[in-house]
Amino acid sequence: MAVDLLSRRNGRFALQRMTSIEWIVVDTSQSPDSGHRTVACIYEVDELEYDVTWLRDLGLPTKYMSPADVLDDIRKATDRWTRIPSRKPIPIPHRAPTAVLAG
């Protein structure tokens, strides 16, 4: 089966056309023989509806209007901040330790 790598890339993810109605999204940061390389399989239902079978749990929908929309959502889901940007710390009130009563 010939694989047509589309020019549509989104960072580390690439959309590959497998047949006239099937695409896969691959994670190019994974080695070609890795079982984690394929992220999703996309199937054309009609002109404006595509079904997605997810091979990674990204919490994304299973219906899209185009394969490019799938690729865009994958980028958005994986580009989220992993930490909160620096900001002023929240003040914590300090009190003297309470006395422990010996019984």
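### Overview of the pattern of salt bridges
Here the structure, examined in full by the defined rule, presents 4 salt bridges. Between K63 and D51 there is a salt bridge; the shortest N-O distance is 2.7 Å. Taken together, the positions of K63 in strand β6 (residues 63-64) and D51 in strand β5 (residues 49-54) put the pair 12 residues apart, joining distant regions of the chain. With relative accessibility at 25%, the residue D51 sits in the partly exposed group.

### Some details on the nonpolar core
For soluble globular proteins, the rule of thumb is that nonpolar side chains tend to be buried together. Of all hydrophobic cores here, the largest spans 16 residues; its most connected members are V25, I42, V52, W54, V70 and I74. Counting residues per element, the ones that place at least two in this core are β2 (13-17), β3 (22-27), β4 (38-46), β5 and α1 (67-78). No other element matches α1, which puts 4 residues into this core. Contacts of I74, omitting those with residues within four sequence positions, involve F13, V25, V39, W54, L58 and L60.

### Overview of the confidence of the model for the protein chain
Put simply, the protein chain has an average pLDDT of 83, and 81% of its residues get 70 or more. The model gives residues 1-7 a pLDDT under 50, and that stretch makes 14 contacts with residues more than four places away or in other chains.

The rules behind these values
- Counting restarts for each chain, with residues numbered from 1 along the sequence as it is written.
- Per-residue local features of the predicted model are confined to residues with pLDDT of at least 70, and side-chain atom pairs are confined, for both listing and counting, to 80 or more; whole-chain, interface and lining totals are unaffected and use all residues.
- The basis for the side-chain values is all heavy atoms of the structure; hydrogens and waters are excluded.
- Here, a salt bridge means any side-chain nitrogen of Lys or Arg that lies within 4 Å of a carboxyl oxygen of Asp or Glu.
- Only DSSP runs of H or I covering at least 4 residues are called helices, and only runs of E covering at least 2 are called strands; the numbering of each starts at the N terminus.
- For each residue, the accessible area found with a 1.4 Å probe, counting protein chains only, is set against the maximum for its type, and the residue is called buried under 20%, exposed over 50%, and partly exposed in between.
- Only buried residues count toward a nonpolar core, which is a set of Ala, Val, Leu, Ile, Met, Phe, Trp, Tyr and Cys residues joined through side-chain atoms within 4.5 Å.
- In what follows, residue pairs with any heavy atoms lying within 4.5 Å of each other are defined as contacts.
- The quantity known as pLDDT measures the predictor's confidence residue by residue, on a range of 0 to 100.

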